[in-house]
Structures are given as structure tokens and as C-alpha cells.
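# Survey of secondary and tertiary structure
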Amino acid sequence: MSESSPEMDNSDTTIVSTGCCHDCGGRCILKAHVKAGKIIRFESDTGKAPQIRACARGRAYRQRLYSPQRLQHPLRRVGARGAGKFERLSWDEALDVVATHLKRIKTIYGNNAILFLPGAGNQGMLHGPTAPGLLLTQFGGFTRYWGIPSYEGALFASMATYGTIRTGHSRDDLMNSRMIIMWGWNPANTIWDPETNLWLARARENGTRIVAIDPRYTDSAATFADQWIPIRPGTDAAMLAAMAHVMISESLFDRNFIAKYTVGFDAYKDYVLGRCDGTAKTPRWAEPITRVPAQTIADLARAYAKSKPSALIAGWGPARTAIGEQYARGAAVLCAITGNIGINGGYASGFMRAYSSRETGHLIKKDPSRPIDKSKGIPSSNPVENGALPRPNSLYKLSGGTNATSARIHQSKIWDAILRGRAGGYPADLKMAYIVASNCLNQYPNSNRGAQALKSLDFVVVHEQFMTATARHADIVLPVNTFMERNDIAPPWLGSPYYIYLNKAVDSLYESKSDLEICRELAPRLGLSADFFKMSDEDILRMFASRRKDIPDFDTMQREGGLKIEMAEPIVAFKDQIRDPQNKSFPTLSGKIEIDCALLAEMDNARIPSVPKYLGHSEHYDTPLAQTYPLQLLTTHSKIRTHSTLEQVPWLQALERQGAWIHPSDAQCRGITDGDRIDIFNDRGRIRVNAYVTERIMPGVVNVCQGAWYAPDDDGVDIGGCANTLTLDEPSPGGAFPMNSALVQVERTQQNQQEKSS
Amino acid sequence: MTQMGIYFDQTRCTGCYTCMVACKDWYDIDAGPVNLMRVRCIESGTFPELFAAYLASPCYHCANPLCVQACPEGAITKREDDGIVVVDRDKCVGVDQCPRKCLKACPWDAPQFGPEAGAKMQKCDLCADRLEVGQAPICVEACPMFALEVGPIEALREKYGDNLTAVGFKYLKRFEPSACFKPKSDC
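What you see is a predicted model; the values in this text were computed from it and never measured.

### Looking at the environment of A:Leu300
Residues and elements named next belong to chain A.
- Relative to the helices and strands, leucine 300 resides in helix H12 (residues 294-306).
- Between the C-alpha atom of leucine 300 and that of methionine 243, which follows or precedes it by 57 residues, the distance is 7.5 Å.
- Apart from the residues within four sequence positions on either side, leucine 300 is in contact with Val211 and Met243.

### Examining helix H13 (residues 325-337) of chain A
Residue and element names in this part refer to chain A.
- Over its 13 residues, H13 extends 18 Å from the first C-alpha to the last, a length consistent with the 18 Å expected when each residue adds 1.5 Å.
- Of all 13 residues that make up H13, 13 are buried, and the element is covered over most of its length.
- Phi turns positive one or two residues past the end of H13, at glycine 339, with a value near 70°.

### Some details on the sheet that holds strand E10 (residues 227-229) of chain A
All names here are of chain A.
- Spatially, E10-E9-E8-E12 is the arrangement adopted by the four strands of the open sheet, whose pairing is parallel. The outermost strands of the open sheet, each flanked by one partner alone, are E10 and strand E12 (310-314). Strand after strand, the sheet turns through a mean of 15° between neighbouring axes, direction not considered.
- One ladder, built from three bridges, connects strand E9 (residues 209-213) with E10; its direction is parallel.

### A word on the domain arrangement of chain A
All names here are of chain A.
- Under the domain assignment, chain A is made up of domain 1 (13-65), domain 2 (75-149 + 377-564), domain 3 (152-356 + 572-603) and domain 4 (625-757).
- Inter-centroid distance (C-alpha atoms) of domain 2 to domain 4 is 29 Å.
- Across the contact, 22 residues belong to domain 2 and 20 residues belong to domain 4.
- Among the residues making up the side of domain 2 that touches domain 4, the classes are represented as seven nonpolar, twelve polar and three charged.

### Structural notes on the interface of chain A and chain B
- Taken together, the contact pairs 40 residues of chain A with 34 residues of chain B.
- Elements supplying a minimum of two residues to the side of chain A that touches chain B: strand E3 (38-43), helix H1 (56-59), helix H6 (196-205), helix H7 (219-224) and helix H24 (650-653) of chain A.
- Of the residues contributing to the side of chain A that touches chain B, the split by class is 21 nonpolar, nine polar and ten charged.

Analysis parameters
Residues numbered from 1 in each chain as written. Chains lettered and ligands numbered in written order. Predicted model: local features only at pLDDT ≥ 70, side-chain atom pairs only at ≥ 80, totals over all residues. Helix = DSSP H or I, 4+ residues; strand = E, 2+ residues; numbered from the N terminus. Contact = placed C-beta atoms within 7 Å. Expected span 1.5 Å × (residues − 1). Buried ≥ 20, exposed ≤ 12 C-beta atoms within 10 Å, placed from the backbone. Pairing = 2+ DSSP bridges. Axes fitted to C-alpha atoms, helices over the stretch in contact; angles between N-to-C directions. Domains from an automatic or database assignment. Nonpolar A, V, L, I, M, F, W, Y, C, P; charged D, E, K, R; others polar.

Take a look at the structure:
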């Protein structure tokens, strides 16, 4: 620790513009002050508006970069897999081992026995899974997953309804909204583009009414909302249907908009009014389901319908449920029937992407005049998947999503696929896992089953920066450097029109290497001499940048540490379609917004109806299982880490008390007081955490922020408190991950157990 | 004399703690009890009628800083030209020889002490070194919500109004803290 007055003699300090781009909804500028080869402190964006200011997570990066827990050299497992015992070995030895196993498994079992698990821990264009993916492709391919936990329900709903995931507005357009409904959306804690919170504050100051719907009184609700409506988890689709009922029965819908731009309103009306099932989806019907008073539902429906333009922004969390796409579809349909789509101040609830080179026509694409008929097999650069028929229940006839329809194993079923293979109906018997930038054991559902699966494999290699739960289950761990130790570009993610150029600030620490450097050394060992791996980092980045029309000058971007793209006006999704329906259609099969979706109708699956419906599931609050496990678990995002990244950073950990949120009424009847050690459990596992007894969560609901590191003790109790020890590994029909659908019970940890684990 | 002070827009604060961490990083202070900037959550009500606010607390550089008088060693002074309250750590004798008299005198816990034996006081000096070269304090520059501003308190009060209280912050006439607020309404 230095004296409290820092040395302001900057003569020997250089400032290098880099950034932080882990898997949150921000990519933020960090200006590293480098002295004698070491980063001594950071500033963030001090440049022109809009400034891309890093949050606490980015500002704490030095304690991650220089953490004594950083992996320093390659490691080889000694002892049982998962036991965490390793020995140091040289890079040559480690890479020889990896190459030998890759070749052996390819020869004996074929390429589809190689499971590639790329993660989102690094959102740069070059580093992270990019190079290993290319390498394995050239090696003959691999089996991969489909489905992303964060957003799969929202993605599916966006595609089915609008035919695209580019449904968002730039956040400055919030200034045009008369009302904003933040549905299960907590941008104060989960970064959703760095500037989102600022625009929400400005809209509020501008007089916009903001309503937050969430089982928790979140920081977003507390800061931005005029009204907070707590709702029982997993019942959002019921409240949305009831709002639609109010609009339909009181003629508050936009008749002209519906006629001109949508298909299938009548089918939806039949569902809402109960013409097909005898149950009218009235607010009174929804009240006992959602625990939202009927009057509150009706009032909100009227207010939203009458205060056009208004933005109903449906967060992804409520879509991370066992039937999540129904909520996301229901929200999209409300936006449509109120005519709030394609106009300033409105919003087409959905995936929320507003700006991305990938969807804004700035990416130089393959010849669009030669469409591919995917029904006869999908061309893929991955030889294992090349020619595969489209996945059942996939929206393969549409383009514009981000998920391959040729992949066969849903990410939540990876553990099951490893354990059961072809006998379980999966496309391959998986023998090895190649894991990059992913703490999958922690972040996929059902961690205990994950540990069992990883232990069953022939070989596991992990590229990592820390000894995560996943790395602990590897045979070979290869130490990877961080953003600060290499060059990269962070492209726009959801909605913000900017790139960040991450300039290398310091040399790689210890023996760590970039994922690309690892592949450079692995390629010849696999008999691959691909040119890509011979190019320098900068040349590759120049090549990537040259494919994007919105990067006019690489050198300027590199020098300035980023590129802010000035937009003449706020981005409004579907503006063209609304303005000029004769010439611009929605990229759906009908060319219109599909309230009743033809592709879903084709699937003919009651669990994935063609109009959005409120549906239950096997772990819903009203199932028999709730007798045993009466509490609903939420696994939300923590504000002091990014998923499982930045865990164990002391500055962040000290910011606030961590623990499972539980309402006083649920705590009291279990003899639990604030701060007690508690066990949260169901049939899948048991975690031991501290209780955070708070009024800020609704009764009947428990919240465990996901991302804490899975650490089972000798009794199999996860004393790390990983939320996914409790979550279900079964996707919704549309691919949503049921991270917020687990039922649990909570009890005070027994005295003798407390001493062991405290 | 110009009295430097701080403006805090409590209605904008989401409790993201960026100011706290930026300060920790800039001054290279270990995780633990020394926080020159602190953010506190104030909650009230019962489900479903709830209220929560955050209060950012640096040192408020009082016009009448009782910590200065409380220090038996004269280690704390108020700078004549800008009213910033600073500590001379060479003069501070540390917690072994002084029972944190400055901390006891401060209603807002601005004096900070590390866990080490003989810890000497540390406190926010509004990033006086940064101000000198025309930069904003690191917390101000870090805040993603642009909820903080530092400047001559008269100018801040002219710009933002002279609201002297906020949720969790009581104005104490005896100290005359150099702060003004856009408070969050707790009704």
C-alpha cells in the first residue's frame, strides 16, 4: 500500500488505452497507467461524449491481473480428476500431451468425439475461443452445443415474432418514451450497454414514468422506477396475457397497426379471451397466479396502451425459465398490439440488439443473392456438422439469429450427452472436451452432474486464467493472459455504436500465453500449417477490421483506443418497415410481425404454441414438487462480478455482503436470522451460503446470485455457493435455460456443519 | 478563500460502487477498512412498500472541521486557499498512541484507519493533486451516472441549489459540511 497521496510525477508513466470486455453487456475503456512494465492504476474514458465509463468491475481489474491466484504455468493433473492436484510442466510437454490426445481420439473415435466448449469469458474479436475454434475446424471438426444461457428464450421469441434479433433502440431514444416498463430488467446491476443507466436517469428526470416488474426490489427499481410491481417468478406470461385481455376487452389496442403490420391477432385474441380453452385471461385470473393485484395489472395495461409512445423492455431473466420464450413472445406481442413498434420512444421488446456490424449491414457478407436451402442440409465450415439437417424445433428458415441450427446438443444437455452419448440419443459418444474461456461446470445448469460428466471423459484440456471449478477438472490446464497483455478489438455488443481497441499494456505475466499463441504452437503438432496462425495479432485484427464497413481507419481506432460511431438520430428498430411497408417487410416468412407464428404452427408442439401462452412446467410453484421444495429460486447477476469472472477479487468482494436473499417471513419460520449459514437444496444438490434476510425480495422466493465458484466439500455440499448446483439441465422447447425455475428448500445449517464450513 | 466542496445527485446513484473502487485503485489501497470514499445503502419499509437509497460519502471538508481541533498532534489542517482538509501522516502518531480522536469527532467517518498496528489516519483530500493539474477527482471522473461533482461549494450551490441534506445525511450546523445534494425523496 502506498501513501494516500499518489505520485503525480508522471514522467515515467505511460498511459495505454485498453479495456475490459468480459461477458457483461458492456465493453468499457480502461486507460492503464504503466510504470516500469506494471499497471499502477487506471482511469476510464476521459474523452469526448458519450464517455464509455467502466464500472466497479473494470476499475478493479488490477486485482484480477495481478492476483496471486493467476495461473502461472501449464499444469498436468496428478491424482483423481477434480481433486485439484496438479504438477507443473513445460509448455512443450503440455502441448505435446494435448496434441497426442487430440490425434488419438480423432483416430480411434473420429472428430465428433471431440467436444469443443467455447465460452463467453472473453468478448474480444481475436482472443478467447476464436483461434481454438479455427484450429479444431481445420483438424477435422468437433461436436458443439447450441443455446446460450443468457438469452436463448429472448432470441427465440425475437426470431419467431420479428424474424430478427435486431429489435432494439439505441438508449438515447428512451428520452422519447412517455412511459418505460422495465420488466425483469436490472441494468443497474447487469450492465446493458454502459450508457443505459444514464439514459434511464435522464428519461426519469425528463418526466417519463418508469415501472419496474421484478420479484426483487432491485437497484434499478429503487433508482429509476416510480412504481415497483413484485411478481411471482415464472408467471410473467400470465400477467402479459391479462394485460392483453384488458386492452382487447376495452378496445385499447391499435387496430390500424395490427391490420397493417401483423398477422395472427385473432388467434391470440381467441386465447386471451378464452375462446379456445374456456379460460378468459383476465386480471382476476392472473392475480392468484402472479400475486399481482388485478387492479394493478389493469391499471398498467391501460397506462401502457394509452401513453404511446412507450417502451416495454423485457429483460432476459424472466425468459431464463423452463418455458421462457412464452414470456418473451408475450411481451413482444403487447408491443405490437399497442403499436409501439418502429417509432421513436416505443420499443419492440425482444433481443434488444440495436447496433452491430453483424446486423446493420456493415459487415461485408457472402453473396446474399444466393440463398441456401437449409432444409436439405446446412453448409458448415465445421466438417462434423457440414450437411447436417436442421435441428428439430429450430427456426432454420429464418436468418438473422446467432445460433446454428445444425448443432444438435443443447448446452444445458452437454453433461447428459457426455454421460449417455449415442445410447441416450445424442449424435456422438464424446471422449474429450476442449474448453476455452468457459467456466462451464459453474455456469451450465446442474453442476453436480457436470462434475460427474467431466470426470467420465478420457481427456479434458482447459485454457484458463484462474483455477476455476472447470479448470480443476482438467487433465491439462494452459495458462492464458488477459486483455491487458495482448491486442484485441471489442466489437459492439447489444446496442452501442462503438468499438474499443484494447492495446497491449504490459507483457504476459508468468508463462501465460494468448489463446492464439497456444494455437500457433499447437498447429504444427497437429500437422496443420494454416496461414492464419502465422499472421501477427495486429495483421489479423487489421483483416477483421477490414471486413467491417463501419471501421473507416484502423490506425486511428488503435491510436485512440476505440471508435465511437456518430449516429445522426437514435436507432429505432423496424423504423423502415413501419414507415414504408410497401417496400420494406419484416424478415419473417409472412413479412409481418407474427403474433401467430407460422413456423411455430408447423412444429405442432403444444409446449411451443404458435401464439404466446402462459404455460406451467414440472418445477413450477403449483406442482406437487413444491410440497417438498416450496421456495422458488432466482439466480440473478451479481453487481460485483461478471458471471463467474472477477470472483475472488478482494476489492469487489469487500463492497457488499454476499448471501442468499430471503424474505423475513420465510427466514423466521425456518429459525433463520440475517447472516446465518443456511443450506439451500433440492434433489440436484445442496449449497451452503450466508442468509441475507431482506424485505427486498418477495416472500416465497430465494435469490442466489449466479457465478460464485462451485466447491463441493467431502459431503458433496457446495460450500462455494454456486447457483447452478441447484438448477435444472433441461431446456424449454425454444431453447431457454431454466436458471430461474428451480424449486428449493432452505434450512439453517446444522451446528456441527457450520463449524466445518464457516 | 475558496471553499471546495462536493455535489452528489442521490437520485442518480444506483449503488454501483464504481467511485469506491476507482478511489481504491487510484490510491492503491488494499481491500479492507480504508475507504476514502464510501457508499452506504439506506433501506426502509416492508414488502411491498419499500425504499432504498445510496449515499456516497467522501470527506465533506467542513468549514468548521472538528477533526482538526480533535487531533492532539495538529496533524490535520484545513488548507487556506481551498479549504480542503488534509492530514499530515508524518505528524499522525497512529492508533497505538491516539484513540482515533479525529474519527470520534467526525459524524461521517471520513478519517480512515487500516488494520495494521499503529495505523495512521488517511482521508479523502478531494484528489487535491488531480485538481491542481485540472483533473476532476477520480471518483467524479469514474461515476458512470455523472452523479458527483467537485468545485467551489458556492458555485455548486448556485448551480444545483443549496439543498444541504440527503437520505442518510443530516446537515450539522456545527460542522458546516461543504456539500450539497439532489436528495432522493423517501416518501
